[in-house]
Amino acid sequence: GESVGLHLPTLSVQEGDNSIINCAYSNSASDYFIWYKQESGKGPQFIIDIRSNMDKRQGQRVTVLLNKTVKHLSLQIAATQPGDSAVYFCAEVNKTSYDKVIFGPGTSLSVIP
Amino acid sequence: KAGVTQTPRYLIKTRGQQVTLSCSPISGHRSVSWYQQTPGQGLQFLFEYFSETQRNKGNFPGRFSGRQFSNSRSEMNVSTLELGDSALYLCASSFGQNMNTEAFFGQGTRLTVV
């Protein structure tokens, strides 16, 4: 079936360092992208989104970068904290054609105190 | 404001049985989407309901169905359960449809088929 990303990579970072989580998406027609955080035993939580007419968007401690040329999305977390440990998912949506949302396999982030 | 509520939290069923899961969206939200999450396939979209109408459907067999009521509460049903249906089933609600607005997820229903 369709998918965003290939594996479930893991990323370990030292507390206080910056984290960069990457995602490759599949549909060049996708025009809306979302990052979610999922902690153990909980449902995904919205972090930040970006539309395809932008290449960068900043939130509180998070920045999303979009490179449409190579169909790549990244999430940067500044000054990573232990509470940031979770699985992070990217998702793509084709809002123009009301296509279904496609999630990536996720990246597991572990923050080392 | 109460979040998205899914019931039950855990469920064990036998192959061949059918199951109904419930999702109560955040008050005022009219869109409910359902997802299946497994270790092997990750998060996969099942379907989306908006104003009692199914607006989108993912690539799942007809054994998976759903509906939405006038109060926006939604149910999904899986008939003739298979072992591979064991998963965490998540629902998300949003004000607008098709993720035009931020979606909020429930904690999910963990279904185990034995």
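The structure contained in this document is the topic of the report that follows. What you see is a predicted model; the values in this text were computed from it and never measured. (Residues numbered from 1 in each chain as written. Chains lettered and ligands numbered in written order. Predicted model: local features only at pLDDT ≥ 70, side-chain atom pairs only at ≥ 80, totals over all residues. Heavy atoms only, no water.)

### A closer look at the packing of aromatic side chains
- Inspection of the entire model under this criterion finds 10 aromatic pairs over all chains.
- Residues tyrosine 25 of chain A and phenylalanine 33 of chain A carry aromatic rings whose centres are separated by 4.5 Å and whose planes lie at 50° to one another, so their mutual orientation is tilted. Here the two residues tyrosine 25 of chain A and phenylalanine 33 of chain A agree in accessibility, since each one is buried.
- Put simply, the rings of Tyr36, Phe46 and Phe103 of chain A together with Tyr35, Phe45 and Phe105 of chain B touch in pairs and so form one group of aromatic residues. (Phe/Tyr/Trp six-rings, centres within 6.5 Å; stacked < 30°, edge-to-face > 60°. Buried < 20%, exposed > 50% of the residue type's maximum accessible area, 1.4 Å probe, protein only.)

### Digging into the side chain of arginine 63 of chain B
- Structurally, arginine 63 of chain B can be placed in the loop between strand 6 (53–57) and strand 7 (64–68).
- Residue class for arginine 63 of chain B comes out buried when judged on its relative accessible area of 16%. (Helix = DSSP H or I, 4+ residues; strand = E, 2+ residues; numbered from the N terminus.)

### Remarks on the state of the cysteines
- On inspection of all chains with the given rule, the structure shows 2 disulfides over all chains.
- The side chain of cysteine 23 of chain A participates in a disulfide bridge whose partner is cysteine 90 of chain A; the two sulfur atoms lie 1.6 Å from each other. Here cysteine 23 of chain A is found in strand 2 (residues 19–24), whereas its partner cysteine 90 of chain A is found in strand 8 (residues 86–93), with 67 residues between them in sequence.
- Look at cysteine 90 of chain A and you get buried, because its relative accessible area is 4%.
- The disulfide partner of cysteine 23 of chain B is cysteine 91 of chain B, and the gap between their sulfur atoms is 1.8 Å. Negative torsions about the S-S bond denote left-handed disulfides, and the value of about 65° found for cysteine 23 of chain B with cysteine 91 of chain B makes this one right-handed. Of this pair, cysteine 23 of chain B sits in strand 3 (residues 19–24) while cysteine 91 of chain B sits in strand 9 (residues 87–94), placing them 68 residues apart in sequence. (Disulfide = S-S within 2.5 Å.)

### With respect to unusual backbone geometry
- The omega torsion of the bond from threonine 7 of chain B to proline 8 of chain B falls at -10°, within 30 degrees of zero and hence cis.
- Checked against the element boundaries, proline 8 of chain B lands in the loop between strand 1 (5–7) and strand 2 (10–13).
- Its identity as a non-glycine residue notwithstanding, arginine 61 of chain A has a phi of 70°, on the positive side.
- Looking at the element boundaries, arginine 61 of chain A is found in the loop between strand 5 (56–58) and strand 6 (62–67).

### Focus on the nonpolar core
- If you look at the biggest cluster of nonpolar residues, it comprises 21 residues, and the most contacted ones within it are Trp34, Leu46, Phe64, Met76 and Tyr89 of chain B.
- Looking at this core, the elements with two or more residues in it are strand 3, strand 4 (31–38), strand 5 (42–50), strand 8 (74–78), strand 9 and strand 11 (109–113) of chain B.
- Those residues within four positions of tyrosine 89 of chain B in sequence are excluded, and the remaining contacts are Gln6, Leu21, Tyr35, Gln36, Leu46, Phe64, Met76, Gly108, Thr109 and Leu111 of chain B.
- Grouped together as the second largest cluster of nonpolar side chains are 19 residues, Val13, Cys23, Val62 and Val64 of chain A included. (Core = buried A, V, L, I, M, F, W, Y, C linked by side-chain atoms within 4.5 Å. Contact = heavy atoms within 4.5 Å.)

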